[in-house]
Each structure stands twice: as structure tokens, then as C-alpha cells.
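Chain by chain, the residues:
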Amino acid sequence: MSYRHSGAILALMLATSGNAQTATSPRTTRPATAAPSNDAAIFRAAGFIKRGNQWRSDCDDPGTASYSPGTIESRADLNGDGRPEAVVTEGGTYCYGNTGTAFWLVSQQPNGSWKLVTNSTGIPEFLKSKGVGGWPDISIGGPGFCFPVVRWNGKAYVANRKEYSGKPCR
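Analysis parameters
- Residues numbered from 1 in each chain as written.
- Predicted model: local features only at pLDDT ≥ 70, side-chain atom pairs only at ≥ 80, totals over all residues.
- Heavy atoms only, no water.
- Helix = DSSP H or I, 4+ residues; strand = E, 2+ residues; numbered from the N terminus.
- Buried < 20%, exposed > 50% of the residue type's maximum accessible area, 1.4 Å probe, protein only.
- Polar contact = N/O pair within 3.5 Å; in protein donor to acceptor, adjacent residues only side chain to side chain.
- Phe/Tyr/Trp six-rings, centres within 6.5 Å; stacked < 30°, edge-to-face > 60°.
- Contact = heavy atoms within 4.5 Å.
- Disulfide = S-S within 2.5 Å.

(A) Broad picture of the side chain of Glu163. The topology assignment puts Glu163 in strand 10 (residues 157-164). Under the relative-accessibility criterion, Glu163 is labelled buried at 9%. Within the structure, Glu163 has its side chain in polar contact with the side chain of Arg161 (distance 2.9 Å).

(B) Local environment of the packing of aromatic side chains. Here the structure, examined in full by the defined rule, presents nine aromatic pairs. By way of ring pairs, the aromatic residues Phe43, Phe48, Trp55, Tyr96 and Trp104 are connected into one cluster.

(C) Main features of the side chain of Asp137. As for its placement among the helices and strands, Asp137 is situated in strand 8 (residues 136-141). Looking at Asp137, its side chain comes within polar contact range of the side chain of Ser129, at 2.7 Å. Side chain to side chain, Asp137 and Arg161 meet in a polar contact 3.0 Å long. Once residues lying within four places of it in the same chain are set aside, the contact partners of Asp137 are Glu125, Phe126, Leu127, Ser129, Lys130, Gly131, Val149, Val150, Arg151 and Arg161.

(D) Spatial organisation of the state of the cysteines. Taken as a whole, this structure holds two disulfides when the rule is applied. A sulfur-sulfur separation of 1.6 Å characterises the disulfide bridge that pairs Cys59 with Cys95. The sign of the S-S torsion, about 65 degrees, decides the handedness of the disulfide formed by Cys59 and Cys95: right-handed. Taken as a pair, Cys59 in the loop between strand 2 (54-56) and strand 3 (68-76) and Cys95 in helix 3 (residues 93-96) lie far apart in primary sequence, 36 residues in all. Bridging Cys146 to Cys169, the disulfide has an S-S length of 2.0 Å. Between Cys146 and Cys169 the disulfide shows an S-S torsion of about 100 degrees. By sign, it is right-handed. Highlighted residues: Cys146 in the loop between strand 8 and strand 9 (147-152) and Cys169 in the segment after strand 11 (167-168), separated in sequence by 23 residues. The disulfide pattern of the protein is 1-2, 3-4 when the bonded cysteines are numbered in sequence order.

What follows is the structure in C-alpha cells.
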């Protein structure tokens, strides 16, 4: 079994698949404007609840060794609208199987609130190809060699294709 992505999610967003020309890192897009003071609003938009000093999703991992609580991995303007998006991750095989992680993409709205855009089990890789409104396609990585790519249709991220290292696959 092969993992196309390993290490920190932020590093993965820099296209660790070895095909960097197909991916866009949120750090190379417009600078993020979301301040850390927005953290609670970001987590709440992703559906997380603060328990003690940890932000947790509804996965409710009982405290297994592989669990890692919610973390804001990156903040950047992914779609070029001048407002930041944030990627929240949570890890653990109890909830997320062999992939071991899930992500939530939230976007700041014109009124300053945050809204969930999409979430999935897997490791997001933001590609140069785009859907409606400038939203980047997302390759959702994990174990294996052929990964789903979702595209924004104006209302939701939906299945678009499968690829590996920037090439179509089945």
C-alpha cells in the first residue's frame, strides 16, 4: 500500500506528490487575512466543539493513541475573492481508517462569519485547475494510487475525476 501524502498536511498542500506543477499551496495564493482570534469561529463553522483544551469533531474518538484533535492547518484566500479560507484537520485511525485524517474547508463570508464549504476523510491537495468562482479542484489523497478529485459547481464540491500524479487513472 502506498501513501501519496505523508507528514504534515501543510507540507502536503505544497504538492508532495512529486508533481508540484499541478498543485497550488494556499501559502502561494493571496495572503490570508484570518487572524488567530477567529480560531473559535473557524472551528465552530467546521462543526467542532471545544472539550477541555481540544477542538473535536463528532467522531468522538475515545482517546486512542493515533488521535490528534482539530487543528487549523492553513489559512489563505483559495478562490481569489479577497477573503480567507481555512483548512481544519483531525486525525486518528479510529475515525478515519487507514487514511488517518479528515479535513474541513471553511470560508469567511462577506459579513465576517465562517461557513463550511466541504469536508472529507482524506488529505486535501489544492490543484491549479478550478471550478466555478475560482475555487480550486481538490485531490483527496490517502492510501493507494488513484485519488478522487472534486470540483466546486457553485453549490458544492462534487466528484469530477480520478488522477494520480496529475494523470487520469481508474
